Amino acid sequence: MASQSPMEDTMRSKIAAALQPTHLEIYNDSHLHAHHKPMENSTSHETHFRVVVTAEAFRSKSQPARHKMVYALLKEEMAREGGIHALQLKTKTPEEEEALIRKEKEEKGTQVPGASVGAA
């Protein structure tokens, strides 16, 4: 799945090859930060990203260890002038993702459409 963003494509390629994720979402949030002082002289429109990745490779690893894995994959892109300035990560195992989906479904199932909360 190619994007209009070379940085996003590079990120997707590196993460997919190394982690073989079952789920991968990459959001380029650079436009939300273009007005920040550190960005005022930047010509890059690919500086701030949000990544959601689910991979078996994260099993038995803490969140900091998972994040270090992703940072290591993208170290060149983070070090490059005009490269990644900020990277927000959500890392999960397939089981953690399934549990979140189940929980969301259960929460939706307990809500009665049109009912007011706390109404007597």
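Check the entry above for the structure.
Everything quoted here is computed from the prediction, not taken from an experiment. (Residues numbered from 1 in each chain as written. Predicted model: local features only at pLDDT ≥ 70, side-chain atom pairs only at ≥ 80, totals over all residues. Heavy atoms only, no water.)

Visitor: Looking at this structure, how should I read the overall build of the protein?
Guide: Across its full length, the protein holds 4 helices and 3 strands. The helix and strand sequence of the protein, counted from the amino end, reads α-β-β-α-α-β-α. Partitioning the contacts of the protein with sequence separation of at least 6, the portion at a separation of at least 24 is 67%. (Helix = DSSP H or I, 4+ residues; strand = E, 2+ residues; numbered from the N terminus. Contact = heavy atoms within 4.5 Å.)

Visitor: What exactly am I supposed to notice about the sheet that holds strand β1 (residues 23–28) here?
Guide: Across a sheet, paired strands are connected by hydrogen bonds in the backbone, their directions being either parallel or antiparallel. The sheet built from 3 strands is open, its strands ordered β1-β2-β3 with mixed pairing. Only two strands of the sheet have a single neighbouring strand rather than two, namely β1 and β3 (86–92). Direction aside, neighbouring strands of the sheet carry axes that sit 10° apart on average. Of the strand pairs in this sheet, β1 and strand β2 (residues 48–54) are connected by 6 bridges, and their pairing is antiparallel. Its bridge partner being in β2, H23 is matched across the sheet by T54. Most of the contacts of helix α1 (residues 6–19) go to β2, to which it runs at about 25°, and overall it touches β1, β2 and β3. (Pairing = 2+ DSSP bridges. Axes fitted to C-alpha atoms, helices over the stretch in contact; angles between N-to-C directions.)

Visitor: So what exactly am I meant to see when it comes to the packing of α1 against helix α2 (residues 63–73) here?
Guide: Geometry of a packed helix pair, given as the angle between the helix axes and the separation of the axes. The interhelical angle for the contact between α1 and α2, taken along N-to-C directions, is 125°, at an axis separation of 10 Å. The orientation of α1 with respect to α2, classified from their angle, is oblique. At the point where α1 passes α2, the crossing takes the right-handed sense. Here K14, I15, A18 and L19 of α1 lie close against α2, whose contacting residues are M69, V70 and L73. Considering only residue class, the contact of α1 with α2 consists of 6 nonpolar, no polar and 1 charged. (Parallel < 35°, antiparallel > 145°, perpendicular 65-115°, else oblique. Left-handed = near helix turned anticlockwise from the far one by under 90°. Nonpolar A, V, L, I, M, F, W, Y, C, P; charged D, E, K, R; others polar.)

Visitor: Help me understand the nonpolar core, please; the structure alone is not making it clear to me.
Guide: Generally speaking, a soluble globular protein has its nonpolar side chains buried in company with each other. The biggest cluster of nonpolar side chains holds 16 residues, and the ones touching the most others in it are M11, I15, V51, V70 and L87. Of all the secondary-structure elements, those providing two or more residues to this core are α1, β1, β2 and β3. If you tally residues by element for this core, the top one is α1, at 4 residues. (Core = buried A, V, L, I, M, F, W, Y, C linked by side-chain atoms within 4.5 Å. Buried < 20%, exposed > 50% of the residue type's maximum accessible area, 1.4 Å probe, protein only.)

Visitor: Would you explain α2 in this entry?
Guide: Each turn of an α-helix holds 3.6 residues, which means side chains three or four residues apart point in the same direction. For α2, the set of buried residues is R66, H67 and V70. Across the axial projection of α2, the buried residues extend over an arc of 95°, all falling on one side. Projecting away from the buried face of α2 at angles above 90 degrees are the exposed residues P64 and K68. (Arc of directions from axis to C-beta.)

Visitor: Can you help me understand α1 in this one?
Guide: With 14 residues, α1 extends 20 Å between its outermost C-alpha atoms, agreeing within 8% with the 20 Å of an ideal straight helix rising 1.5 Å per residue. Residues M7, E8, M11, R12, I15 and L19 constitute the buried set of α1. Viewed end-on, α1 has its buried residues packed into an arc of 130°, placing them on one side of the element. Looking at α1, the residues exposed on the side facing more than 90 degrees away from the buried face are P6 and A17. Contact partners of the buried residues in α1: β1, β2, α2, α3 (75–79) and β3. One or two residues past the end of α1 sits Q20, with phi positive at roughly 45°. (Expected span 1.5 Å × (residues − 1).)

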